[in-house]
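# A structural walkthrough
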Amino acid sequence: MTQLRNSVLLDQASRCVAHEHDPSQGLVQPIYTSTSYHYLDEAAQPYPRYFNTPNQESVSRKIAAIENAEAAIVFNSGMAAISTCVLSLVRPGDHLLMLRGLYGGTHSFLVSELTKWGVDFDFAANIEEFATKCRPNTVLAYIESPTNPCLDILDLRAMVQFARDAGVLTVIDNTFASPINQNPIDFGIDLVVHSGTKYLGGHSDLTSGAVVGSRNLLDRVAEQARKFGGALNPQDCHLLERSLKTLDVRVTRQNENAMAVATFLQSHHAVTRILYPGLSSHPEHALAKTQMRGFGGMMAFELHPNQPIREFLTRLKLITPAMSLGGVESIISIPALTSHKYVSEDDRRQSGVTPNLLRLSIGIESPRDLIADLDQAIEKSSQDAS
Ligand SMILES: *Cc1c(COP(=O)(O)O)cnc(C)c1O
């Protein structure tokens, strides 16, 4: 099979589309459903749980290319990617630092599982805290930027500086930004994880995950992965690879739509708090501009306390109250009841996840319709209340 010559392509948009030639000369890779492969004359025997079948490898190469990395491994969910990645890098007696305000699933995984593995951990809210809480046995710093759901931005260059000085590895969850808006490897971050269920898949019909980085580190992750077994099946590898072809056009549109919607919400009298890194009112807007090519499709906001949230959500016609994010359809959720349901109330409060915070994942619909929908729902729900 001819390898994709992705390294000669300048931009993500072309890397998303570029295909690998199949022996039949088709533009699209066939779906190889075999779980059994000849082994006598092959150096590396493909086996689905070895993460080396043709569909697993071709989608992995594409993801590596759009993250500007040497290698990638695809998993059957974001949490499979995250748990396998973290546990492949720590040993009993090690210490891990994690950013405060992580995705709820990652937060509860780390908090509940690490101690069982004999690994100690601390939270850090910013780079200074990473430095002061770092110990001689700290091996890993786990971060997100932007964070889910509060859209905090962490200075990736400063993070890498700290980590190199301290000799710790860095892992970032790049799900919110997507590789179109941010390539953390370019700044020296060691490993990138993704929930492919979100922007990479992009159509709310596929669960997947990925770990991306140097071949050296990915070999360590792969060794753990073969034991944990969270491999992605060939049909979903194909679906993910197909979805990646439109990643750039989808995310570019989502960036534009989100900017328009955030600008509208910011100016609305019923909106008391709006968190979107593209707005100049965002505390880290200037920093975001130095490390992101676009500001993404995610935002969070709060309505005035006299604005009933349930009624507002019920009144929406185009935007659906639903879980997950990153799809072509705009959806809205209450993180305290969804993504951060299993995070303690105290940790939620410390991360800024208030009970009435709303998280909006902007799709590819027309921005005018999205704004009109939010506008009418705010209006009608305040009438419901009075
Ligand atoms: C959804 C999500 C995950 C988990 O991914 P799954 O595919 O649901 O396992 C991890 N990180 C972030 C930022 C997410 O939004």
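Residues numbered from 1 in each chain as written. Predicted model: local features only at pLDDT ≥ 70, side-chain atom pairs only at ≥ 80, totals over all residues. Heavy atoms only, no water.

### Focus on the environment of Asn257
Position of Asn257 relative to the elements: it lies in helix 10 (residues 247-267). Judged by its relative accessible area of 1%, Asn257 is buried. Taking the C-alpha atoms as reference points, Asn257 and Gly363, separated by 106 residues in sequence, lie 7.6 Å from one another. At a separation of 3.0 Å, a polar atom in the side chain of Asn257 contacts the main-chain carbonyl oxygen of Gly363. (Helix = DSSP H or I, 4+ residues; strand = E, 2+ residues; numbered from the N terminus. Buried < 20%, exposed > 50% of the residue type's maximum accessible area, 1.4 Å probe, protein only. Polar contact = N/O pair within 3.5 Å; in protein donor to acceptor, adjacent residues only side chain to side chain.)

### Things to note about the site of the ligand
The environment of the ligand is made up of 13 residues, and the closest members are Gly78, Met79, Asp173, Thr197 and Lys198. For the ligand, an oxygen atom lies 2.9 Å from a polar atom in the backbone of Gly78. With respect to the ligand, the side chain of Asp173 contributes an N or O atom lying 2.6 Å from a nitrogen atom. The protein chains hide 90% of the 380 Å² of surface that the ligand would expose on its own. If one sorts the elements of the shell around the ligand by residue count, helix 3 (residues 78-89) sits on top with 3 residues. Partitioned by chemical class, the residues of the shell around the ligand number 4 nonpolar, 7 polar and 2 charged. (Near = heavy atom within 4 Å. Areas by Shrake-Rupley, 256 points an atom, 1.4 Å probe, with all protein chains shown as cover. Nonpolar A, V, L, I, M, F, W, Y, C, P; charged D, E, K, R; others polar.)

### A few points about the sheet that holds strand 5 (residues 169-173)
With mixed pairing, 7 strands are arranged side by side in an open sheet as 1-7-6-5-4-2-3. Two strands lie at the open edges of the sheet, namely strand 1 (71-75) and strand 3 (120-124), each paired on one side alone. Averaged over neighbouring strand pairs, the angle between their axes works out to 20 degrees when direction is ignored. Taken together, the 5 bridges between strand 2 (residues 95-99) and strand 3 define a ladder with parallel strand orientation. For Met98, the partnering residue across the bridge sits in strand 3 and is Phe123. Along the sheet, helix 6 (residues 156-166) contacts strand 2, strand 4 (138-144) and strand 5; its crossing angle with strand 4, the most-contacted strand, is approximately 175 degrees. Of the strands in this sheet, strand 1, strand 5, strand 6 (191-195) and strand 7 (209-213) are in contact with helix 8 (residues 215-228), which crosses strand 1 at around 25 degrees. (Pairing = 2+ DSSP bridges. Axes fitted to C-alpha atoms, helices over the stretch in contact; angles between N-to-C directions. Contact = heavy atoms within 4.5 Å.)

### Points about the sheet that holds strand 9 (residues 298-303)
One open sheet holds the 5 strands; their spatial order is 8-9-12-11-10, and the pairing between them is mixed. Each edge of the open sheet carries a strand with a single partner, namely strand 8 (271-275) and strand 10 (320-321). Sheet topology places strand 11 (residues 331-333) next to strand 12 (residues 358-361); 3 bridges connect them, and they run antiparallel. Considered in strand 12, the bridge of Ile331 is made with Ser361. In the packing of helix 10 onto the sheet, contacts are made with strand 8, strand 9 and strand 12, and the angle to strand 9 comes to roughly 15 degrees.

### Things to note about the packing of aromatic side chains
Counting across every chain of the model gives 6 aromatic pairs. With 6.2 Å between their ring centres and 80 degrees between their planes, Trp117 and Phe228 make a pair best called edge-to-face. Taken together, the residues Trp117 in the loop between helix 4 (104-113) and strand 3 and Phe228 in helix 8 connect sequence positions 111 residues apart. A residue is classified by how much of its surface remains accessible, and Trp117, at 34% relative accessible area, is partly exposed. The partly exposed category is assigned to Phe228, whose relative accessible area is 39%. Here Phe130 and Phe162 contribute two aromatic rings whose centre-to-centre distance is 6.0 Å and whose plane-to-plane angle is 50 degrees, an arrangement assigned as tilted. (Phe/Tyr/Trp six-rings, centres within 6.5 Å; stacked < 30°, edge-to-face > 60°.)

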